[in-house]
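Examining the three-dimensional arrangement
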Amino acid sequence: MKHPCIEFIIACSCCQIYNEFVKELAKDYPNVETKIYVAGEDFDYIPKYGALSSTILVINEKEKITDISKTTIRAAFEKANESAKVE
């Protein structure tokens, strides 16, 4: 993926509720490349991050967020968007 980017890897069904929220934020941050993976359906993330048993959000392929909430997701998009201004 190019930078800035957000990768949302959904590994549990309870975190599926954030799927639409991430999609909506992606529309608000066009400079941030966004990819959503669902464990058991998508496998492209496994070579980079391994098999996961909990949901994570990855900012710019470096910073992993495990405390998933609307607040942390929004902050991740803000951080990725700020990195677009720096590069």
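These remarks concern the structure in this document. Here the structure is a predicted model, which means the values were calculated and not measured.

Conventions adopted
- Residues numbered from 1 in each chain as written.
- Predicted model: local features only at pLDDT ≥ 70, side-chain atom pairs only at ≥ 80, totals over all residues.
- Heavy atoms only, no water.
- Helix = DSSP H or I, 4+ residues; strand = E, 2+ residues; numbered from the N terminus.
- Buried < 20%, exposed > 50% of the residue type's maximum accessible area, 1.4 Å probe, protein only.
- Pairing = 2+ DSSP bridges.
- Axes fitted to C-alpha atoms, helices over the stretch in contact; angles between N-to-C directions.
- Contact = heavy atoms within 4.5 Å.

1. Description of unusual backbone geometry
Phi is positive for Asn 60, close to 50°, though the residue is something other than glycine. Note on placement: Asn 60 falls in the loop between strand S3 (56-59) and strand S4 (63-65). Look at Asn 60 and you get buried, because its relative accessible area is 12%. Notably, Glu 61 is not glycine yet its phi reads approximately 60°, a positive angle. Tracing the backbone through its elements, the reader meets Glu 61 in the loop between S3 and S4.

2. Some thoughts on the pairing of S3
Covered by surrounding structure in S3 are Ile 56 and Val 58 together with Leu 57 and Ile 59, the residues of both alternating faces. As judged from the four bridges shared by strand S1 (residues 5-10) and S3, these two strands associate in the antiparallel manner. Residue pairing across strands places Ile 6 opposite Ile 59, the latter belonging to S3. Summarising the sheet, S3 and S4 pair through three bridges and their orientation is antiparallel.

3. Here we look at the sheet that holds S4
Paired through their backbone hydrogen bonds, the strands of a sheet run either parallel or antiparallel. Read from one edge of the open sheet, four strands run S2-S1-S3-S4, paired in mixed fashion. The outermost strands of the open sheet, each flanked by one partner alone, are strand S2 (33-38) and S4. When strand polarity is set aside, the average angle formed by the axes of neighbouring strands in this sheet is 15°. Docked against the sheet, helix H1 (residues 19-28) engages S1 and S2, running at close to 165° with respect to S2.

4. Looking at the side chain of Ser 83
With respect to the element layout, Ser 83 can be found in helix H3 (residues 70-86). By relative accessible area, which is 15% here, Ser 83 ends up buried.

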